[in-house]
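# Chains, contacts and geometry: an overview
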Amino acid sequence: MQSTLKKLRNRIVVLTVLVEATTLFAILFILNYSLKMQEQNLVHSFLIELSAKDGRMFEREKIEDEHLFPDDEPPTFDKNFDLSSFREYFSVETDEIGRILRVESDFPLIYTLNEIRSMVALVIDDVLKDGDFGDGITHGIRYYVRPLGNGHHLISVVNRRGEYLTLKRLRRMSVFVLIISIFVSFIISFAVSLLIIRPAQLVFNRQKEFIADAGHELKTPIAVIGANLDVLESDFSGNRWLGYIRAENERMGKLVKNLLYLAKNDYVKTNIHFAQIDFSAIVKNATLPFESVFFEQEKNLKIDVQKSILLFGDELQLKQVVMILVDNALKNSEKGADVFVRAFVDEKKAILKVKNTGAGISKNDLEKIFERFYRGDSSRTRKTGGYGLGLSIARAIAEAHKGTLFAESRFGEWAEFTLSIPIRSPKKRKFFIF
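Because the structure is predicted, anything quoted here is derived from the model rather than measured.

Calculation rules
- Residues numbered from 1 in each chain as written.
- Predicted model: local features only at pLDDT ≥ 70, side-chain atom pairs only at ≥ 80, totals over all residues.
- Heavy atoms only, no water.
- Helix = DSSP H or I, 4+ residues; strand = E, 2+ residues; numbered from the N terminus.
- Polar contact = N/O pair within 3.5 Å; in protein donor to acceptor, adjacent residues only side chain to side chain.
- Buried < 20%, exposed > 50% of the residue type's maximum accessible area, 1.4 Å probe, protein only.
- Pairing = 2+ DSSP bridges.
- Axes fitted to C-alpha atoms, helices over the stretch in contact; angles between N-to-C directions.
- Phe/Tyr/Trp six-rings, centres within 6.5 Å; stacked < 30°, edge-to-face > 60°.
- Lys NZ or Arg CZ within 6 Å of the ring centre and 35° of its normal.
- Contact = heavy atoms within 4.5 Å.

Turning to its location among the elements, Ser189 is positioned in helix H3 (residues 161-235). A distance of 2.6 Å separates the side chain of Ser189 from the backbone oxygen of Ser185, its partner in a polar contact.

All right, on to the environment of Ile272 then. Among the structural elements, Ile272 can be located in strand E6 (residues 271-273). Judged by relative accessible area, which is 0%, Ile272 ranks as buried.

Let's shift gears to the sheet that holds strand E1 (residues 89-94). Spatial ordering of the open sheet is given by E2-E1-E5-E4-E3, a layout of five strands whose pairing is antiparallel. Strand pairing shows two members of the sheet lacking a second neighbour, strand E2 (100-104) and strand E3 (134-138), which therefore form its edges. This sheet shows a mean twist of 25° between the axes of neighbouring strands, independent of strand direction. Where E1 meets strand E5 (residues 152-159), six bridges bridge the pair, whose relative direction is antiparallel.

Take the packing of aromatic side chains next. By the definition in use, this model includes six aromatic pairs. Where Phe29 meets Tyr33, the ring centres are 5.9 Å apart and the plane angle is 10°; that geometry is what we call stacked. Separated by four residues within a single helix, Phe29 and Tyr33 lie in helix H1 (residues 2-52), roughly one turn from each other. Where Phe370 meets Phe417, the ring centres are 6.1 Å apart and the plane angle is 75°; that geometry is what we call edge-to-face. With a gap of 47 residues between them, Phe370 in the loop between strand E11 (349-357) and helix H8 (378-384) and Phe417 in strand E13 (residues 414-422) connect regions that are remote in the sequence. With relative accessibility at 2%, the residue Phe417 sits in the buried group. Each member of the aromatic cluster is reached from another via a ring pair, and the members are Phe25, Phe29 and Tyr33. Between the NZ or CZ atom of Lys355 and the centre of the ring of Trp414, over which it lies, the distance is 4.6 Å. Positioned above the aromatic ring of Phe370 is the side chain of Arg395, whose terminal nitrogen or guanidinium carbon lies 3.9 Å from the ring centre.

Consider a sheet: its strands pair through backbone hydrogen bonds, and that pairing is either parallel or antiparallel. Taken in spatial order, the five strands of this open sheet run E8-E10-E11-E13-E12, and their pairing is mixed. A strand with exactly one partner marks an edge of an open sheet, and here the two such strands are strand E8 (300-305) and strand E12 (404-410). Across the sheet, the mean angle from the axis of one strand to that of its neighbour is 10°, orientation sign disregarded. As paired elements, E11 and E13 share nine bridges and run antiparallel to each other. Looking at the pairing, Ile351 lines up with Ser420 of E13. Of the strands in this sheet, E8, strand E10 (338-345), E11 and E13 touch helix H5 (residues 279-287), which is tilted by about 170° from E8. Strands in contact with helix H7 (residues 315-331) are E10, E11, E12 and E13; relative to E11, the strand with the most contacts, it is inclined by about 20°.

As structure tokens, this is what we get:
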């Protein structure tokens, strides 16, 4: 339950941050893209009109005193272009070998002849590289090339380096704003998620307290019943009714023991003490006692354990996991079934696989079987005496060892449980189960 609440909180945080980040990203992307397209369309229209007017936006007769306009009669563009945005432009006519024949400009040129030649050379190189005439961009310079015939071309050029640099800075600022917003959103979402799951956390804590209290209260009457059965069996030896009572009393005792174990791990956070252990020996010692049971039930137990698998863990806890998995395979297999127990090392992890042939597990139950008190086949559970707590305990121990426990199955054929435990020494010698 604790892990479920943690997953719920993480899911709330991830979904909230994802929605906010996606929304902000869409807004910033649309803003940057629209400004970029607006700039491209505006410059494209300007260059086409400039080229169509043979390199000048204004009528020649309106230009006086070396391209200076009279103060009382400022010229106007046909499409109302912003004069402040389009002053660094000019047009040149080139011959078939790229020599500049003439330069046209409405405003006083701010470039030297060498600078103009450099710009025209960049344009010619770019046109030759692409193999297409028309408009293009190179090094922040937008251009439009119009063939004039006889190998001559009119190249209209406008310098937009400043505008492109501004757009580039806007993109960088947008990325920065997005990153900061994601960070702030994560903090806020984390705080909000704690408030959202607080009622569920309170209910969970009360549930843990109830299980712990009920378990302790049940221990005494179970012990009293067991003591009284010992006395009665001495007087009525072989009474089958007393045998039924003892069997159910023992089952109840195991249930209470498991409940107290889970409640203690949830509520008190029991420490697990790590030490270097021989996992191979643990698997064999936990599995071999089942051989007689397998023989009685006419089932086949096959053990394949790699030698000297050393890892850091709690010997008793891991032995309990092995016993739970082998017992689970025994209970959920039919007469004549095969149970395979394998242990080996794979990529610095100790792997235990317990596989049994038989009915298998349905796809919908592969994760549910690790939930407390979940029983996929109630009729089989009544027959074998399970309560649906063993696999929950096994997964809790696996997670406490920074490992994993999961199930795979082909329904109607087999089921396999895989335990994976890191073999390296942990930095800390104590971990909490939850």
